[in-house]
Amino acid sequence: MKTDLTDKALHSEFRQKVEALSGQNLSDCYQCGKCSGGCPVEPFVEVSPTRLIRMVQLGMEEEALNSDSVWHCAGCGTCNGRCPMGIDIVRVKDALRKLTKKIHYKRGSLEAWTFYEAFLDCVRNFGRLTEIGLMGGYNINSGWLMTNVKKAPWYLMRNKLGVSPHTIKRVDRLQRVFKRIEEIEGQ
Amino acid sequence: MKFAYYPGCSSEGSGAEYARASEAVLEALGVELEEIDDWVCCGATPAHATSHLLSIALPAISCASAEKQSLDILTCCACCHSRLKQVNQEVRDDPALRAKISEIIEEDYRGSLNILHVTEVLAREVGLEAIKARVRTPLKGLKVACYYGCLMSRMPEALMSDKSEYPMLLDNLMDAVGAEPLDWPYKTECCGAALTLTQTKTVIRLSADVLQMAKQNGADMLVVACPLCQANLDIYQAEAEKLKGERLSIPVVYFVQLMGLAMDLDPKRLCLDRLIVDPMPILAQKGFVHGAVYL
Ligand code: SF4
Ligand code: SF4
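From a predicted model like this one, the values you see are computed outputs, not experimental measurements.

### Observations concerning the site of ligand 2
- Around ligand 2, the structure places Cys29(A), Tyr30(A), Gln31(A), Cys32(A), Gly33(A), Lys34(A), Cys35(A), Thr50(A), Cys83(A), Pro84(A), Ile87(A) and Ile89(A).
- Looking at the shell around ligand 2 residue by residue, the class counts come to eight nonpolar, three polar and one charged.

In structure tokens form, the structure reads like this:
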């Protein structure tokens with residue numbers, strides 16, 4: 001891969017955006033690789049956490065946001081625990097995930113956004129999550145109808161899924177909270 | 001001893017047995033719980049992956065409610081615990097954020113409480129000696145692999161106290177009720193639960209590794225303290241067996257279920273029958289239960 005090491009690339013707008021959103025200073029990363037060494041999904045992805053950080057340092061927006069590593073992440077925090085520089089890599093990944101929303105990169109982000117939206121819709125409407133509502137909503141909206149629903153009979157047999165949604169008392173306040181945040185973040 | 005109780009969404013669904021068993025054990029050990037009034041979902045990964053403000057506001061609503069009750073918070077779910085704790089800390093340390101969040105949630109929130117996981121309350125507040133004294137049927141000869149997963153072992157305070165790679169809280173609790181906790185290497189490996197719906201294949205591979213390692217180390221059961229780990233490790237065993245080409249079939253039980261058993265609590269309250277891989281055969285074989293009670 002050809003990389004651009006000009007001053008412009010090293011101080012890209014993309015990098016600044018990621019640093020601001022994540023609150024991390026990416027100059028701290030000296031590419032030691034410890035984050036990738038501990039990462040449980042590293043064997044299954046094309047771009048390791050170490051490389052992903054490098055891409056951001058070098059302003060490689062397209063490659064970074066399109067990499068499978070942005071979504072194929074368990075959020076387990078092992079990378080954070082191992083980083084000798086104390087970089088919060090999970091927050092860097094959160095920042096990249098947020099950026100995919102506006103840009104609509106295809107890889108993995110559609111399923112993930114569908115899942116997040118189904119989850120948060122449920123919380124917004126009821127104040128709590130019902131797993132059956134979530135699984136149903138997610139699988140239908142993402143076209144993955146049969147992937148996990150086939151596990152549902154097991155769960156239903158043992159009454160594992162709360163079937164009726166439980167609504168909190170102050171749901172009106174909660175909806176104002178969601179709305180206020182949308183207004184603040186939309187600005 | 002009294003706490004504000006944050007049950008979390010899974011307590012009303014797939015993790016109900018965890019909540020019920022925890023409540024039973026805490027009650028038997030004299031810990032009082034007062035449910036947080038009108039608590040809301042902590043937002044979990046979907047909130048913190050999409051909106052920093054939302055990921056703080058949701059836990060803040062429940063914590064502000066607990067502040068009115070003037071009680072420290074106890075929660076059983078490792079995921080909720082990690083979210084609540086992080087938010088509490090962030091708000092406490094940042095006055096500007098405190099003001100902003102209080103305005104958003106229409107309530108004053110100071111971040112003044114301690115947020116405790118049920119394992120901490122049992123091991124440290126109640127204490128191992130008090131637990132030992134309450135045991136009626138020690139789980140002698142039951143080999144357990146304590147599995148902490150990622151959320152319990154990656155908390156900032158755990159990282160600082162050097163407990164993140166080889167924690168002992170669950171092991172100590174299991175030891176206190178007479179079981180035999182194993183020294184095994186996958187205590188803190190991640191099972192991939194956050195990817196259950198989006199990357200099922202990865203999840204099966206990660207879970208299969210954990211299950212196989214527990215088996216190879218001679219575990220009768222895996223013992224967990226997180227509803228996401230439990231569901232994940234329990235539900236994919238058929239797929240994991242296919243992947244590994246060997247029989248695994250290893251029960252994945254909540255630590256409180258075993259504690260309750262050792263304390264001779266009403267088996268109905270421990271909900272051992274809600275697990276998918278049935279722990280009864282091993283428990284009966286070791287003489288800790290009499291099958292008929294559960295059938
Ligand atoms: S949080 Fe994501 S990137 Fe970090 S170690 Fe876990 S799976 Fe890997
Ligand atoms: S562990 Fe930290 S310093 Fe090392 S490569 Fe990863 S992010 Fe960079």
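Okay, back to it.
### What to know about the domain arrangement of chain B
All names here are of chain B.
- According to the domain assignment, chain B contains domain 1 (2–117) and domain 2 (138–262 + 277–290).
- If you look at the interface, domain 1 gives 14 residues, while domain 2 gives 15 residues.
- Considering only the side of domain 1, the residues that lose the most area to domain 2 are Tyr18, Val25 and Ala78, jointly responsible for 36% of the buried surface there.
- If you look at where domain 1 meets domain 2, you find zero salt bridges.
- Linking domain 1 to domain 2 there are one residue pair in polar contact (both at pLDDT 80 or more).

### Some words on the packing of helix α4 (residues 78–93) of chain B against helix α5 (residues 95–105) of chain B
Residue and element names in this part refer to chain B.
- As a packed pair, α4 and α5 sit with axes 5 Å apart at the nearest point and diverge in direction by 115 degrees. One way to sum up the angle between α4 and α5 is to call them roughly perpendicular. Contact with α4, carried on its side by Glu90, Val91, Arg92 and Asp93, involves Pro95, Leu97 and Arg98 of α5 and no other residues of that element.
- A per-class count over the contact of α4 with α5 returns three nonpolar, no polar and four charged.

Scoring rules and cut-offs
- Residues numbered from 1 in each chain as written.
- Chains lettered and ligands numbered in written order.
- Predicted model: local features only at pLDDT ≥ 70, side-chain atom pairs only at ≥ 80, totals over all residues.
- Heavy atoms only, no water.
- Near = heavy atom within 4 Å.
- Nonpolar A, V, L, I, M, F, W, Y, C, P; charged D, E, K, R; others polar.
- Domains from an automatic or database assignment.
- Contact = heavy atoms within 4.5 Å.
- Buried area = accessible area lost by both parts, 1.4 Å probe.
- Salt bridge = Lys/Arg side-chain N within 4 Å of Asp/Glu carboxyl O.
- Polar contact = N/O pair within 3.5 Å; in protein donor to acceptor, adjacent residues only side chain to side chain.
- Axes fitted to C-alpha atoms, helices over the stretch in contact; angles between N-to-C directions.
- Helix = DSSP H or I, 4+ residues; strand = E, 2+ residues; numbered from the N terminus.
- Parallel < 35°, antiparallel > 145°, perpendicular 65-115°, else oblique.

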